[in-house]
Amino acid sequence: MMSNMNTLILPGKKALTNIQTPILSFRYFCSQTSSSSAPSSSPSAPNNKLFVAGLSWSMDERSLKDAFSSFGEVTEVRIMYDKDSGRSRGFGFVNFTNENDAQCAKDAMDGKALLGRPLRISFALDKVRGGPVVIPRLSNVNNMMGQRS
DNA sequence: TGTGAGCGT
């Protein structure tokens, strides 16, 4: 079969065959021993999607992806812009392939200043369009207050 | 235009 793995072809890029390309993507090694160290102090459950707030208004998705791609494979980067002024709303979302990379990027970039602004990174909420909205009700309070034995 | 907590098509 075809076991010629010498040619590395990246989607959207040129074939890196004869080009002596310097390694631009430095992999950030974090001291993540095991995946069992789930962060209990995180506001939400750890996902592959990171909520990055505190972005500078001059920050674009390219710079954000370039800043986060050092921790792992970033699949999607989205910055929320204001529909009226068209300016960045100051927060965005970074998708990682691995959950470990997202955790590493969060742990490493949280609080760090990017373009003069300190970043506030946390795991994104699981926003599902059309999902069930669970509204806590106090209908059981009456039952709890007037418990019969 | 300036502003700075937050969770989006």
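Here, every reference points to the structure presented above.
Here's a quick rundown of the structure. Just so it is clear, the structure is predicted and the values come from calculations on it, not from any experiment.

1. Points about the sheet that holds strand β1 (residues 49-53)
What the 4 strands build is an open sheet, ordered β2-β3-β1-β6; its pairing is antiparallel. Of all the strands in the sheet, just β2 (74-81) and β6 (120-123) have a single pairing partner and so form its edges. The mean inter-strand angle of the sheet, taken between neighbouring strand axes irrespective of direction, is 20°. Pairing analysis gives 6 bridges linking β2 to strand β3 (residues 88-96), with the strands arranged antiparallel. Directly across from Ile79, in β3, lies its bridge partner Gly92. Across the sheet, helix α2 (residues 99-109) is in contact with β1, β3 and β6; its angle to β6 comes to roughly 155°.

2. Looking at the packing of aromatic side chains
Under the definition given, this model contains 5 aromatic pairs. Judged by centre distance (5.6 Å) and plane angle (50°), the ring pair of Phe51 and Phe93 falls under tilted. Pair noted here: Phe51 is in strand β1 and Phe93 is in strand β3, with a separation of 42 residues, a long-range link. Residue Phe51 is classed as partly exposed on the basis of its relative accessible area, which comes to 25%. Since its relative accessible area comes to 22%, Phe93 is described here as partly exposed. Look at Phe68 and Phe71: their rings are 6.4 Å apart centre to centre, the planes differ by 55°, and that puts the pair in the tilted class. Through pairs of rings, three or more aromatic residues link up here, namely Phe51, Phe91 and Phe93.

3. Concerning the nonpolar core
Among the nonpolar cores identified, the biggest contains 22 residues, and Leu50, Val52, Leu64, Phe68, Val94, Phe96 and Leu119 are the most heavily contacted of them. Listed by contribution, the elements that provide at least two residues to this core are β1, α1 (61-68), β2, β3, α2 and β6. Ranked by the residues each element gives to this core, the list is headed by α2, at 5 residues. If near-sequence neighbours (up to four positions away) are discounted, Val94 is found in contact with Asn48, Lys49, Leu50, Val52, Leu64, Phe68, Val74, Glu76 and Val77.

Conventions adopted
- Residues numbered from 1 in each chain as written.
- Chains lettered and ligands numbered in written order.
- Predicted model: local features only at pLDDT ≥ 70, side-chain atom pairs only at ≥ 80, totals over all residues.
- Heavy atoms only, no water.
- Pairing = 2+ DSSP bridges.
- Helix = DSSP H or I, 4+ residues; strand = E, 2+ residues; numbered from the N terminus.
- Axes fitted to C-alpha atoms, helices over the stretch in contact; angles between N-to-C directions.
- Contact = heavy atoms within 4.5 Å.
- Phe/Tyr/Trp six-rings, centres within 6.5 Å; stacked < 30°, edge-to-face > 60°.
- Buried < 20%, exposed > 50% of the residue type's maximum accessible area, 1.4 Å probe, protein only.
- Core = buried A, V, L, I, M, F, W, Y, C linked by side-chain atoms within 4.5 Å.

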